[in-house]
Amino acid sequence: SMTKYSHIMESFIQTVLQHKELPAYAHRLQEGDPIDVMEDVYNHRADIGVLHFSQSQRENILSLFHQHQLEYHPLARMTPHILISKHHPLLLGERPVTLEALSGYGFVRYEGQFEDFTYELFSQGSHFNLSANPRIVYIVTRASLLHLLSKTDFYSIGIQDFTMQQASYQVVSIPIEDCEGLLEFGYVLPTGIQLNRITLEFLGDLKQRLS
């Protein structure tokens with residue numbers, strides 16, 4: 001079970017392909033927000049949950065892990081990036097791609113209380129509440145977000161490029177200058193559970209993608 005980041009999905013696909021010659025298997029990938037991921041693992045709908053959260057959410061999230069009797073293992077801390085089409089007017093005009101410069105463009109985002117914190121950013125000494133943008137498109141899936149960005153001059157917030165991001169969607173990741181705050185990625189599993197070999201391979205691949 002995973003939150004909506006394509007790096008996680010790519011590791012899942014790579015793991016499935018590595019073992020496609022096995023005589024029998026059943027792999028399942030589920031997506032949701034951090035609460036969905038926790039509930040999937042807690043209720044044994046998933047063996048492992050990979051999720052992300054902002055540093056301002058960390059104390060609250062760790063408390064929820066404890067309440068659900070889940071072990072938490074950090075994977076990486078990532079700097080937020082701006083996501084835009086590689087054909088965006090700012091890039092074509094060779095102008096700086098900053099949060100301030102994008103304030104007049106449409107903002108694409110996921111909905112949910114844990115996503116709200118992701119869109120509160122500090123850059124170059126200024127506070128940006130991207131959810132206050134008067135032009136917002138709410139979407140549900142990663143594919144919808146990336147496809148919309150590829151066809152418009154809208155923008156969103158994510159992390160560094162994943163492997164097929166530009167080739168599949170013509171979307172680029174731009175670092176946010178002097179951005180304060182990080183997104184933390186990690187995984188949860190029921191207390192005392194031993195992971196099998198294939199799951200450990202998945203985690204090893206994911207660590208590489210996030211490094």
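One can find the structure itself at the top, above this paragraph.
Residues numbered from 1 in each chain as written. Predicted model: local features only at pLDDT ≥ 70, side-chain atom pairs only at ≥ 80, totals over all residues. Heavy atoms only, no water.

(A) Representation of the packing of aromatic side chains in the model. Tallied over the full model, the rule gives five aromatic pairs. Between Y5 and F185 the ring centres are 5.0 Å apart and the planes differ by 85°, which places this aromatic pair in the edge-to-face class. Linking Y5 in the segment before α1 (6-18) with F185 in strand β11 (residues 183-190), this pair joins segments that are 180 residues apart in sequence. Each of the two residues, Y5 as well as F185, counts as buried. In textbook terms, an aromatic cluster arises when at least three aromatic residues are bridged by ring pairs, as seen for F53, F65 and Y72. Seen from the ring of Y110, K4 lies directly overhead, with NZ or CZ sitting 5.1 Å from the centre. (Phe/Tyr/Trp six-rings, centres within 6.5 Å; stacked < 30°, edge-to-face > 60°. Helix = DSSP H or I, 4+ residues; strand = E, 2+ residues; numbered from the N terminus. Buried < 20%, exposed > 50% of the residue type's maximum accessible area, 1.4 Å probe, protein only. Lys NZ or Arg CZ within 6 Å of the ring centre and 35° of its normal.)

(B) Layout of α1. Its 13 residues place the ends of α1 18 Å apart at the C-alpha level, agreeing with the 18 Å of an ideal helix rising 1.5 Å per residue. Where α1 is concerned, the buried positions are S6, H7, I8, M9, E10, S11, F12 and T15. Elements in contact with the buried residues of α1: β1 (49-54), α6 (142-151) and α8 (197-210). (Expected span 1.5 Å × (residues − 1). Contact = heavy atoms within 4.5 Å.)

(C) Structural detail: the packing of helix α2 (residues 34-42) against helix α3 (residues 58-67). Where α2 meets α3, the closest approach of the two axes is 11 Å, and the angle between their N-to-C directions is 15°. In this view, α2 runs roughly parallel relative to α3, as classed from their interaxial angle. α2 and α3 meet at a crossing whose hand is right-handed. The segment α2 lies against α3, with P34, I35 and M38 engaging I61, L64 and F65. Taken together, the residues of the contact of α2 with α3 sort by class into six nonpolar, no polar and no charged. (Axes fitted to C-alpha atoms, helices over the stretch in contact; angles between N-to-C directions. Parallel < 35°, antiparallel > 145°, perpendicular 65-115°, else oblique. Left-handed = near helix turned anticlockwise from the far one by under 90°. Nonpolar A, V, L, I, M, F, W, Y, C, P; charged D, E, K, R; others polar.)

(D) Quick peek at α2. Burial in α2 covers these residues: P34, V37, M38, D40 and V41. The buried residues of α2 occupy an angular sector of 160° when projected down its axis, which confines them to one face. Sitting at the head of α2, D33 places a side-chain oxygen 3.0 Å from the backbone nitrogen of I35. One or two steps after α2, the chain reaches H44, where phi turns positive at roughly 60°. (Arc of directions from axis to C-beta. Polar contact = N/O pair within 3.5 Å; in protein donor to acceptor, adjacent residues only side chain to side chain.)

(E) Region of interest: the pairing of strand β8 (residues 155-158). Neither face of β8 is exposed, since Y155 and I157 on one face and S156 and G158 on the opposite face are all buried. As paired strands, strand β3 (residues 81-85) and β8 are joined by four bridges and run antiparallel to one another. Each bridged residue has a counterpart across the sheet, and for L83 the counterpart in β8 is S156. (Pairing = 2+ DSSP bridges.)

(F) Seen up close, the sheet that holds β11. Read across the sheet, three strands follow the order β1-β11-β2 without closing on themselves; strand pairing throughout is antiparallel. Strand pairing shows two members of the sheet lacking a second neighbour, β1 and β2 (70-78), which therefore form its edges. On average, each strand axis in the sheet is inclined to that of its neighbour by 30°, with strand direction left out of account. Bridge count between β2 and β11: eight bridges; the pairing is antiparallel. Each residue of the ladder has a partner; that of Y72, found in β11, is V188. Each of β1, β2 and β11 touches α8; the most contacted strand, β2, lies at about 30° to it.

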